[in-house]
Structure formats: C-alpha cells, structure tokens
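Next come the chains, spelled out residue by residue.
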Amino acid sequence: MQTAFTRLVGASTPVQVAAMPGISTPELVAAVADAGAVGMVPTAMLSAQALEKSLGQLSERTGGVFGVNFLIPFLDPACLAVAARCSRIVEFFYGDPDRELISSARAHGALVSWQVGSLEEAVAAERAGCDLLVAQGTEAGGHVRGRTSLLPLLSRVLDAVNVPVLAAGGLATGRDLAAVLACGAAGARMGTRFVAATESGAHPRYVQALVAASAGDTCLTERFSVLWPDAPHRVLRSAILAAETLTDEVVGETRLGEQRVPVQRFSVFCPTVETTGRVEAMALYAGESVANVDSVQPAARILSQLVTEAEQAMRASGGVEPAALES
Ligand SMILES: Cc1cc2nc3c(=O)[nH]c(=O)nc-3n(C[C@H](O)[C@H](O)[C@H](O)COP(=O)(O)O)c2cc1C
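Described in the following lines is the structure provided in the data block. Quick caveat: nothing in here was measured; it's all calculated off a predicted structure. (Residues numbered from 1 in each chain as written. Predicted model: local features only at pLDDT ≥ 70, side-chain atom pairs only at ≥ 80, totals over all residues. Heavy atoms only, no water.)

### Section: the site of the ligand
Step number 1: Close contacts around the ligand come from 23 residues, with N69, Q115, G191, T192 and S289 the closest.
Step number 2: One nitrogen or oxygen atom from the side chain of Q136 is found 3.0 Å from an oxygen atom belonging to the ligand.
Step number 3: In this structure, an oxygen atom belonging to the ligand sits 2.8 Å away from a main-chain N or O atom of G191.
Step number 4: In isolation the ligand exposes 590 Å². Once the protein is present, 97% of that is buried. (Near = heavy atom within 4 Å. Polar contact = N/O pair within 3.5 Å; in protein donor to acceptor, adjacent residues only side chain to side chain. Areas by Shrake-Rupley, 256 points an atom, 1.4 Å probe, with all protein chains shown as cover.)

Okay, here's the thing in structure tokens:
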C-alpha cells in the first residue's frame, strides 16, 4: 500500500503511530517500525543524553522508520538537534509553525512534520517549510489542537496544501484507513488503538477501561491541566468523575526518568505500568476511536489487520483499488 507518505519516509504501510509519553515504549516504536509503519518517539521531560541513547538503541533494534515528536510548550533545543541527527522525521505539535525550528531540523537531514488543528495552521506549516502534515480532528485522544472534526478539516487542508497529509482523530480500523485514503490523505495516524497494543506501556487498568468504553464515553475537557494549562484534551469521562470524588491533592506516584514523582490530582500524566495509586482517576486519554478498541493485540497484528481490512473495504466500495494508490 504505497502512498505519497510511504514513498517520502521510506515505509511500506501508510500508518503512523502517535508518540504517547509513557505509552510509546521502545518495544512499541520498534514493533511498529518493524511492521513497515512509522513509530514515533515522545520527548517530553527527556534529557538530550537520554534521547540520544534511546534513539541509538532503537536504530540497532529496528531497520524500520521512526521519528521524534516535540510538544512545543516543552521543547528542549538540545533534544531537537539530537532528534534531527538520529531520526528520519522530526515532528512538532501544539504551537504556531516556526520557520527557524523547521529549518534547523532540516539542516541536520530530517524530514519535518507538524500536527495541525486548523486550515490556517496547515497553510502556515507548509509555508514555513514542512515536508508533511498531520491534520488532527477533534475526535482525537490526548491533547487536541483545533475545533473542527476530522473530515471537514481534512478536506479543506487537502485543498490548500501540496505536501502529503496524514489524517488523525477517531481512526482505529481498516475501514477508517480506507476512508481517509479515499479522501486523499496519504495515510492515517493513530494513537488510542495502540495504547491497547501488547507492547504499550499503559497501565493495565487504563487499557481495560479503553476496551470497555464506547465513543460516547469520551469527552473534550480542560480538567487534566496540572503541568499543562489551557490545552484541551480528550479523555474517558469516567476519569474526570473519579478524580472529582477524591479530595487528596496527590492521587498516586509514577516514574519520570530515574525518579519516582507524585501524581497530582488532575495532572497531565496518564497511568503507565510504573504508576501506582488511583489509576482510574488519572488522565485516561482516549479518542472517539475507542469505540473500535476491543482487544489487546501485538502492534504487528493490529497493523496487518488494518491493511487487510482497508484493502477489503476499498474493493467492497467498488471504488479505489489499492493499486490505484501507487500512481
Ligand atoms: C495517550 C495519548 C497521548 C498522546 N500524546 C501526544 C504527544 O505527546 N504528542 C502528540 O503530537 N500527540 C499526542 N497525542 C495525540 C495524537 O498525536 C493523535 O492526534 C491522536 O492520538 C489521534 O486520535 P486517536 O487517539 O483517536 O487515534 C496523544 C494521544 C493519546 C491517545
């Protein structure tokens, strides 16, 4: 399944798995890259030294494609230089497209991507020199940049820019992948589906809650804003209700680098296998895609099912043949 995205980055599957701090373990990123899709490494709260070490290990572990994600409010320039030298893609999210950041990453040889939430942001990112974009609809899990749902945003972005565009937000199945490819996207980016991958670092009770939930169980909120205020995010509503019933300011403990740190009530940290305490009351990020997360499977299996189902959906529609994507 070749698209403008796979050709640009050198992958064989038009799927990118989002960088998710605490969830995107090296095992998950490597499994995704080994399976021919694109794995993304989160950098929030990581030192440049630790990042260099982990990217070096990842390169030894997989011959596949991976990139590095930067959240603009937490960006460390030293990490950016390392990422641009040691990975195929450097990607930014949650800030206005910045020509200097983009050219400094490109100067080291990386392709540069920006996850956008509006048409204006997409146009600005292309003008500032990005090689590819991710259009994120409000259905997305985790932090949500814009105010428009995926399809209206995607259509407008595809009309306005010339670089390959990935679609993100609410996508979890092969039908979803086929749908966005048929729209003209160069691939899909998924987060929530892979929180329930075998290799994910998510706490098992977080994964159980995702498997049990349906799309109506998520909501877009600003409640989990400790450490990152004024940034809307989509979570399971049950997490807000659980946190509201607690009165303690600290609801548990987690690992950050080499240290154990307290998890404050309504903090941005989502629960990982290293987290203890009131897991159900922490930020259980989930997109509307959670409707189609009903089992825990290895990342390679999820990806092969996505491709098989997408090809079947394209044939069933009587429209796009998978081979047509290659032209
Ligand atoms: C647990 C979780 C953490 C996330 N963390 C990040 C992040 O650090 N950087 C980023 O660019 N996007 C992050 N996202 C958002 C994704 O990039 C993407 O837009 C979203 O997962 C797509 O929607 P979906 O979850 O329905 O697939 C996160 C999403 C989830 C579910």
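Let us keep going from here.
### Focus on unusual backbone geometry
Step number 1: One non-glycine residue with positive phi stands out, namely M45, at about 70 degrees.
Step number 2: Mapped onto the secondary structure, M45 falls in the loop between β2 (38-42) and α3 (48-61).
Step number 3: Unlike most non-glycine residues, L227 shows phi in positive territory, near 85 degrees.
Step number 4: You can see L227 is positioned in the loop between β10 (218-221) and β11 (233-236). (Helix = DSSP H or I, 4+ residues; strand = E, 2+ residues; numbered from the N terminus.)

### Description of the packing of α3 against helix α4 (residues 77-86)
Describing two packed helices takes the angle between their axes plus the distance from one axis to the other.
Step number 1: Two numbers describe how α3 lies on α4: the axes approach to 9 Å, and their chain directions differ by 15 degrees. Classified by the interaxial angle, the pair formed by α3 and α4 is roughly parallel. Judged by the twist between their axes, the crossing of α3 over α4 is right-handed. Every residue of α4 that contacts α3 at A48, L51, E52, L55 and S59 is listed here: A78, C79, V82, A83, R85 and C86.
Step number 2: Among the residues forming the contact of α3 with α4, the class breakdown is eight nonpolar, one polar and two charged. (Axes fitted to C-alpha atoms, helices over the stretch in contact; angles between N-to-C directions. Parallel < 35°, antiparallel > 145°, perpendicular 65-115°, else oblique. Left-handed = near helix turned anticlockwise from the far one by under 90°. Contact = heavy atoms within 4.5 Å. Nonpolar A, V, L, I, M, F, W, Y, C, P; charged D, E, K, R; others polar.)

### A word on the pattern of salt bridges
Step number 1: Applying the stated criterion to the full structure yields 13 salt bridges.
Step number 2: The shortest N-O distance in the salt bridge between E288 and R234 comes to 3.5 Å. With E288 in the loop between β14 (276-277) and α12 (299-316) and R234 in strand β11, the pair connects residues that are 54 residues apart, well separated along the chain.
Step number 3: The buried category is assigned to R234, whose relative accessible area is 7%. (Salt bridge = Lys/Arg side-chain N within 4 Å of Asp/Glu carboxyl O. Buried < 20%, exposed > 50% of the residue type's maximum accessible area, 1.4 Å probe, protein only.)

### Remarks on the sheet that holds β10
Step number 1: The sheet built from three strands is open, its strands ordered β7-β11-β10 with antiparallel pairing. In this open sheet, the two edge strands, each paired with only one partner strand, are β7 (142-143) and β10.
Step number 2: Where β10 lies against β11, four bridges are found, and the strand directions are antiparallel. Pairing of T218 across the sheet is with L236, part of β11. (Pairing = 2+ DSSP bridges.)

### Considerations on a nonpolar patch on the surface
Step number 1: On the surface, a nonpolar cluster with roughly 260 Å² of combined accessible area is contributed by M45, F74 and L227.
Step number 2: On the basis of relative accessible area, F74 is assigned to the partly exposed category, the value being 31%. (Patch = residues over 30% accessible without salt bridge, like charges linked within 9 Å, V, L, I, M, F, W, Y side chains within 5 Å.)

### Observations regarding the side chain of S267
Step number 1: If you trace the backbone, S267 turns up in the loop between β13 (259-264) and β14.
Step number 2: Looking at S267, the relative accessible area reads 3%, which means it is buried.
Step number 3: In this view, S267 contacts F224, V226 and A283; residues no more than four positions away in its chain are not counted.

### Things to note about the nonpolar core
Step number 1: Counting 99 residues, the largest nonpolar core has V90, W114, L133, F194 and Y206 as its most contacted members.
Step number 2: In terms of residue count, α12 provides more of this core than any other element does, eight residues in total.
Step number 3: Counting 14 residues, the second largest nonpolar core, distinct from the first, contains L132, L166, A168 and A186. (Core = buried A, V, L, I, M, F, W, Y, C linked by side-chain atoms within 4.5 Å.)

### Regarding the environment of T192
Step number 1: Examined against the element boundaries, T192 turns out to sit in helix α9 (residues 192-195).
Step number 2: Judged by its relative accessible area of 6%, T192 is buried.
Step number 3: For the pair T192 and G142, spaced 50 residues apart in sequence, the C-alpha to C-alpha distance is 8.4 Å.
Step number 4: Beyond its immediate stretch of four places on either side in the chain, T192 contacts G141, L210, A286, G287, S289, V290 and V293.

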